[in-house]
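Each chain, letter by letter, is given below.
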Amino acid sequence: PLSKSDEAQILATVLEAGWLRLFARVEQVREDVLGTSWEQVLYKKIMEALGYSKNQTAFLRLAEIVTYEIICAEMQWVDEEMAVKKCAALLFGAAGLLPSQSKPGAEILDEATLTYVAPLERLWEQMSHRLGIKPMKSQAWQFFRLRPQNFPTRRLAGMVQLIFRFYRQGFLQGFLKIFSGQTKDYPLIINEIENVFTIKAEGYWREHYRFKEERGKPLQKSQEALIGKDRARDIVVNITLPVLYLYSMESSDGALKNTLQEIYFRYPKLSENTITRAMKQQLRMGRGSVISASHQQQGLIHLHKLYCRPLRCSECLNLTGSP
């Protein structure tokens, strides 16, 4: 029935659904933050996002085994180079993905891999015993039918660099600095927060997908990012904004809340997915449709998940009349 309405009604419904999806995510965060810290919630949700569909469960499990607080405690009081190595040792070791864990007794012939992995193996052996961490099985991770640039090893390498950027001040305070400034230049804020989550491959990971010698063609430029622009945007819209929105409510920070609403409303389109494409077709929106921002895409997803069901058409049509 909505597809038979005029364009203004359709767009108003999609807009309302977009806000409802944001508020639904905020309520989910409210449940998640009970009994834990804001830092752990952000860390866990980012880890889940890096797992995509095939490795979400494994990333979530890893975030529970090695919490944000454990990692940051180990990274304090050492120089920055050692902090990065300790973070990598904890994540790869607890994941069960270090060479000694995934293939015990296997010889590493690649000199670059040996140079990178050797200190991680030593650090993991020391920290795992002291902290009593029981690692995951390497079989918990899916590599089959994944593009090499999406291998969990590379996503974990990206997470190491992301944690390194914030381990002294924490995710929450780092993100708040971006959104709580005096500037109302919203495109600038959007660009800054996206850059935070965009991690380029450096050093060992510029030429490797996992802990083995890579043969064949070198990594293409489009594959060099450990966390690319598209995934960074997904994390901003689906994780960062809802978490900070709840924080603004809990802290009664009206200025922050208004900024987050403006950013959500103005945020550019994300990559299309099967749901947004199907909904545009269902609502008879052609290629020239005015779906031009991410909150509209979020609205399409919300309509698909909650209202495109038998007997819910009238609710969908009446969304714009709700308080």
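Residues numbered from 1 in each chain as written. Predicted model: local features only at pLDDT ≥ 70, side-chain atom pairs only at ≥ 80, totals over all residues. Heavy atoms only, no water.

Novice: Whenever I open this one, the packing of helix H2 (residues 38-50) against helix H4 (residues 68-75) confuses me. Can you help?
Specialist: Any two packed helices are characterised by the angle at which their axes cross and by the distance between the axes. H4 packs onto H2 with a crossing angle of 105 degrees between their chain directions and a minimal axis gap of 9 Å. Classified by the angle their axes make, H2 and H4 are roughly perpendicular. Residues Glu-39, Gln-40 and Tyr-43 of H2 touch H4, and the partners they reach there are Tyr-68, Glu-69 and Ile-71. Looking at side-chain class alone, the contact of H2 with H4 contains three nonpolar, one polar and two charged residues. (Axes fitted to C-alpha atoms, helices over the stretch in contact; angles between N-to-C directions. Helix = DSSP H or I, 4+ residues; strand = E, 2+ residues; numbered from the N terminus. Parallel < 35°, antiparallel > 145°, perpendicular 65-115°, else oblique. Contact = heavy atoms within 4.5 Å. Nonpolar A, V, L, I, M, F, W, Y, C, P; charged D, E, K, R; others polar.)

Novice: Which parts of the structure should I look at to understand the side chain of Arg-231?
Specialist: Secondary-structure assignment places Arg-231 in helix H11 (residues 229-250). Since its relative accessible area comes to 18%, Arg-231 is described here as buried. Ignoring sequence-local partners within four residues, the contact set of Arg-231 consists of Ala-49, Leu-50 and Tyr-52. (Buried < 20%, exposed > 50% of the residue type's maximum accessible area, 1.4 Å probe, protein only.)

Novice: Please explain unusual backbone geometry as it appears in this structure.
Specialist: Backbone geometry follows two general trends: most residues other than glycine have a negative phi, and most peptide bonds adopt the trans configuration. Positive phi, normally seen in glycine, also occurs at Arg-145, with a value near 60 degrees. Here Arg-145 is to be found in the loop between helix H7 (111-131) and helix H8 (152-166). With a phi angle near 55 degrees, Ser-252 is a residue other than glycine that sits in the positive phi range. Among the residues examined, Ser-252 registers a relative accessible area of 67% and is labelled exposed.

Novice: Just to check I follow, could you spell out the packing of aromatic side chains for this structure?
Specialist: The geometry of an aromatic ring pair is captured by two quantities: the separation of the ring centres and the angle between the planes. Considering all chains together, one arrives at 22 aromatic pairs under this definition. Measuring from centroid to centroid gives 6.3 Å for Trp-19 and Phe-23, while their planes differ by 25 degrees, and the two rings are stacked. Highlighted residues: Trp-19 and Phe-23, both in helix H1 (residues 7-32), separated by four residues, approximately one helical turn. Overall, Phe-23 belongs to the partly exposed group, its relative accessible area being 35%. Look at Tyr-204 and Phe-211: their rings are 6.3 Å apart centre to centre, the planes differ by 25 degrees, and that puts the pair in the stacked class. Aromatic rings pair up to connect Tyr-43, Tyr-68, Phe-166, Phe-171, Phe-175 and Phe-197 into one cluster. The residue whose ring lies beneath Arg-231 is Tyr-52, and the NZ or CZ to ring-centre distance is 3.8 Å. (Phe/Tyr/Trp six-rings, centres within 6.5 Å; stacked < 30°, edge-to-face > 60°. Lys NZ or Arg CZ within 6 Å of the ring centre and 35° of its normal.)

Novice: Can you help me understand H1 in this one?
Specialist: Each α-helix turn comprises 3.6 residues. Residues three or four places apart therefore point the same way. Between the first and last C-alpha of H1 there are 37 Å, a value that for 26 residues agrees with the 38 Å anticipated at 1.5 Å per step. Those residues of H1 that sit buried are Ile-10, Thr-13, Val-14, Ala-17, Gly-18, Trp-19, Arg-21, Leu-22, Val-26 and Val-29. Taken together, the buried residues of H1 touch H2, H11, helix H12 (254-266), helix H14 (294-307) and helix H15 (313-317). The opening residue of H1 is Asp-6, an N-cap whose side-chain oxygen sits 3.2 Å from the backbone nitrogen of Ala-8. (Expected span 1.5 Å × (residues − 1). Polar contact = N/O pair within 3.5 Å; in protein donor to acceptor, adjacent residues only side chain to side chain.)

Novice: Explain the pattern of salt bridges here, please?
Specialist: Close approach of charged atoms lets side chains of opposite charge pair. Taken as a whole and assessed by the stated rule, the structure comprises 15 salt bridges. Where Lys-45 meets Asp-32, a salt bridge forms, and the shortest distance between an N and an O atom there is 2.9 Å. You can see Lys-45 sitting in helix H2 and its partner Asp-32 sitting in helix H1, a full 13 residues away along the chain. By relative accessible area, which is 17% here, Lys-45 ends up buried. Asp-32 gets classed as partly exposed once you look at its relative accessible area, which sits at 29%. Here the salt bridges share partners, and the residues they tie into one network are Glu-27, Arg-30 and Glu-250. (Salt bridge = Lys/Arg side-chain N within 4 Å of Asp/Glu carboxyl O.)

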